[in-house]
Structure formats: structure tokens, C-alpha cells
Amino acid sequence: MKIVADNAIPFLKGVLEPYARVEYLPGKTIATADVRDADALIVRTRTRCDAALLEGSSVKLIATATIGFDHIDTEYCRRHGIEVATAAGCNARGVLQYVAAALVRLSRVQAWEPADKTLGIVGVGHVGSLVEAYARTWGFRVVACDPPREEREHGGFLPLEEVACQADILTFHTPLDDTTRHMAGAKLFERMKPGSILINTSRGEVVDGQALRESGLQYVLDVWEHEPDLDPLLLRDALLATPHIAGYSAQGKANATALSVRTIGRYFGLSLGEWYPSNIAPSRPRAISWQELCDTIDDRFDIAAESRRLKENPEKFETIRNEYRYREEYF
């Protein structure tokens, strides 16, 4: 059996070798010739899995160590009997920690308290539900938009336009598909309050970058259109700017790799059902007060320092991302 894996996926080397021949390659360079005789792929967002890559191959399974799957042509895979598995929810607490760090930094710089602000959440799934729960305990007024959940649950979610009108801070936690691409564009920005702040940690294409740059709004971006080729003016004017590392916690990465390994084990009948990296302590969720968060977050994740690093070295986007030292989840 042959497995082709992105060489930037952590904790993976040596795990599958007892069962398969594993080739580790840079995700952006994985090509047709590499996968022609492969039985499975383990990828990240940098590998586009479509007909151009997969046609004529023996690939039966694609495990992506990411929460999203917009880099995979799922319809092609369905038609050709290729199973696709994601690591949905793997890094939810890592992204929560990122949003928390951003909120603390903004509160310090702009001199406000949570009770002063309405936080709008777009997408209340694995990540958004955590952000909602913690933000309420910190004292924010929270309004949320999640059309699929509203249709299923009638749970009091508001339309996107209404959330945008009410929010002082609007944070996006949606997948990327035809319904969410550029959902944050000029028309939405016109509805937002003057001086309001947009945070995007979902997918770059959820936000129309040019429209955002021209809107006069304030913003925090971890994800960007056309990564790693950033709009220099959009980067310059960001309150905080980071290279797609919001979910880069040690536990989030361990979860993603573990889910991919377990998927391989399940599909091929290997004894890997409960595998988890032995050198990573699983996350231990707990409540944390706003004051404790303010007192501790910089030591755990100095978001301002990370922002300066990218702004000073935008050409090193991929290097900074790939060499990022994973932070520990502590709540």
C-alpha cells in the first residue's frame, strides 16, 4: 500500500510506515505522477485534489488534516468512488484562543470592556459555538447568524444583514462554498457601524478583500484571498494580520493528524483506532474569566508580535506559517 502525505503535517512520520510505503512531499508540489499508484492521500489546503490530480490514479481515500474541504472536488470524488474525510472541529479551541487574543488586544488599544460591545458571530458550528459561549461569560452582548442551524432548530439566529447592523465586532467562522464566497462584501460593509471591526479566521475568500480595503472598516485577518500573495495595502492597514495560523495549537494539530490516521486505519482495517501523538497532552477545556484571560493570554499567544512579524516579512508568509511554533491550548 502507498500513501502520499503532505510533509508539513506534524506528528505523522513513522506512524503509518509499519503498514504502508509513505511518501512525504510539499503539499503544493504533489502532482499526478506522485499519486498515480497511491491508495490514499493525507493533505492540507495547499493540495488541490481534483480531476487534474486524481484522474487515472488508484486513490481510494483522501484524508485532509483540515476542517475545510474547499480544496477537494468532492463531486469528482463521489463520482469516482473516492472517500473524503476531514478533521472537522479539530482546531476549534485553537481558533477560540486566537479570537480571545484578538479581543484582548483590541480592548487594550481601544480602551473598552466587553460589556461595551456587541459581538456578531457568523457561523455557529464547532468554532462559533465556542466563541459564543465564552464571549457571553466575558460580558459581551452576542448576536449570531447561522442560516442552516436556524432552518433546523429555529434557534433565534438572525439574518446576516441584521447581525452586521448590530455588531461592533463581526467575526466569521464559516466554511467556504458557493453560498459563503464573498458573503462579506461591499453591500454588507455598508450595513456595518462606522468604526466596527471585522475578524476573519475562516477562509480568505469569505471576505472580498478589495471591498474591505475600500470600506474604511477596521479588520483583523488571519486568512487572505490568494494566499500566500497578499494585497499589500490590505496587509498594511490591518489592525492585526497573521499567516493563517489561528488554529495552529499543538492540540489542534494533534487532533487533525490523529483524525487522519484513524481514518486511514478504519478504511484499510489497520490497528490505529485510538492513535494520538504521545508527546502532546490533550486539551483540558475549562472556564476562564475576562480578567484571567487578560492577565495570561500574552504569555500563551502574543498576537501583536505575530502580526508585526508578518507585516515586516509578507514575502515569508508560507515560511512563517510552516515554521510556526504551535501554542498550547489552556482553556
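Per an unreviewed UniProt entry, the chain goes by 4-phosphoerythronate dehydrogenase and derives from Alistipes putredinis DSM 17216. Within the UniProt record for the chain, the comment given under Sequence similarities (unreviewed entry) is "Belongs to the D-isomer specific 2-hydroxyacid dehydrogenase family."

All right, on to the side chain of Arg321 then. Mapping Arg321 onto the fold places it in helix H14 (residues 317-322). We note that Arg321 is buried and unpaired, the nearest opposite charge coming from Glu318 at a distance of 4.4 Å.

Okay, the pattern of salt bridges next. Under the defined criterion, the tally for this structure stands at 22 salt bridges. Glu83 serves as the salt-bridge partner of Arg266, at 2.7 Å between the closest nitrogen and oxygen. With Arg266 in helix H11 (residues 250-268) and Glu83 in strand S5 (residues 83-85), the pair connects residues that are 183 residues apart, well separated along the chain. Residue classification places Glu83 among the partly exposed positions, given a relative accessible area of 29%. For Arg152, the salt bridge goes to Glu153, with nearest N and O atoms at 3.9 Å. On the basis of relative accessibility, which here comes to 58%, the residue Arg152 falls in the exposed class. On the basis of relative accessibility, which here comes to 39%, the residue Glu153 falls in the partly exposed class. When salt bridges with common partners are traced through the structure, they connect Lys2, Arg21, Glu23 and Asp37 into a single cluster.

To continue, consider the sheet that holds strand S2 (residues 21-25). In space, the five strands of this open sheet follow the order S2-S1-S3-S4-S5, with parallel pairing throughout. Looking along the sheet, the strands with just one partner apiece sit at the ends: S2 and S5. Within this sheet the neighbouring strands show an average axis-to-axis angle of 15°, counted without direction. Bridge count between strand S1 (residues 2-6) and S2: five bridges; the pairing is parallel. The residue bridging Asp6 from the neighbouring strand is Leu25, located in S2.

Of the pockets and cavities examined, the largest pocket occupies roughly 910 Å³. As for the largest pocket, its lining consists of 46 residues, and the residues nearest its centre are Ile67, His173, Thr174, Pro175 and Ser202. Of all the secondary-structure elements, those providing two or more residues to the lining of the largest pocket are helix H5 (126-138), helix H6 (147-153) and H11. When residues in the lining of the largest pocket are grouped by element, the largest group, four residues, is from H6. The residue makeup of the lining of the largest pocket, split by class, is 19 nonpolar, 18 polar and nine charged.

So, on to the packing of helix H4 (residues 92-110) against H5. Interaxial distance between H4 and H5 falls to 9 Å at its minimum, and their mutual angle equals 40°. Comparing the axis directions of H4 and H5 gives the class oblique. Pair H4 / H5 crosses with right-handed handedness. For the pair formed by H4 and H5, the contact residues are Ala92, Arg93, Val95, Leu96, Val99, Ala100 and Leu103 on the first element and His126, Val127, Leu130, Val131, Tyr134 and Trp138 on the second. Residues of the contact of H4 with H5, tallied by class, amount to 11 nonpolar, one polar and one charged.

In this structure's numbering, the residues bearing the UniProt feature "domain: D-isomer specific 2-hydroxyacid dehydrogenase catalytic" (unreviewed entry) are residues 32-247. Within the segment residues 32-247, helix and strand shares are 37% and 16% respectively, and the terminal C-alpha atoms sit 29 Å apart.

One can find Thr180 in the loop between strand S8 (169-172) and helix H8 (186-191). Sequence-distant contacts of Thr180, defined by excluding residues within four places in its chain, comprise Thr174, Pro175, Glu205 and Val206.

Bringing the environment of Pro147 into the picture now. For Pro147, the location among the structural elements is in helix H6. Considering only alpha carbons, one finds Pro147 and Asn200, 53 residues apart in sequence, at a separation of 18 Å.

Conventions adopted
- Residues numbered from 1 in each chain as written.
- Predicted model: local features only at pLDDT ≥ 70, side-chain atom pairs only at ≥ 80, totals over all residues.
- Heavy atoms only, no water.
- UniProt positions renumbered as here; feature names shortened; annotations may be inferred.
- Helix = DSSP H or I, 4+ residues; strand = E, 2+ residues; numbered from the N terminus.
- Buried < 20%, exposed > 50% of the residue type's maximum accessible area, 1.4 Å probe, protein only.
- Lys, Arg positive; Asp, Glu negative; His and termini not counted.
- Salt bridge = Lys/Arg side-chain N within 4 Å of Asp/Glu carboxyl O.
- Pairing = 2+ DSSP bridges.
- Axes fitted to C-alpha atoms, helices over the stretch in contact; angles between N-to-C directions.
- 1 Å grid on protein atoms, 1.4 Å probe; cavity = no way out; pocket = protein on both sides within 12 Å on 5 of 7 lines; lining within 4 Å.
- Points joined across faces, edges and corners; volume = space filled by probe spheres on them.
- Nonpolar A, V, L, I, M, F, W, Y, C, P; charged D, E, K, R; others polar.
- Parallel < 35°, antiparallel > 145°, perpendicular 65-115°, else oblique.
- Left-handed = near helix turned anticlockwise from the far one by under 90°.
- Contact = heavy atoms within 4.5 Å.

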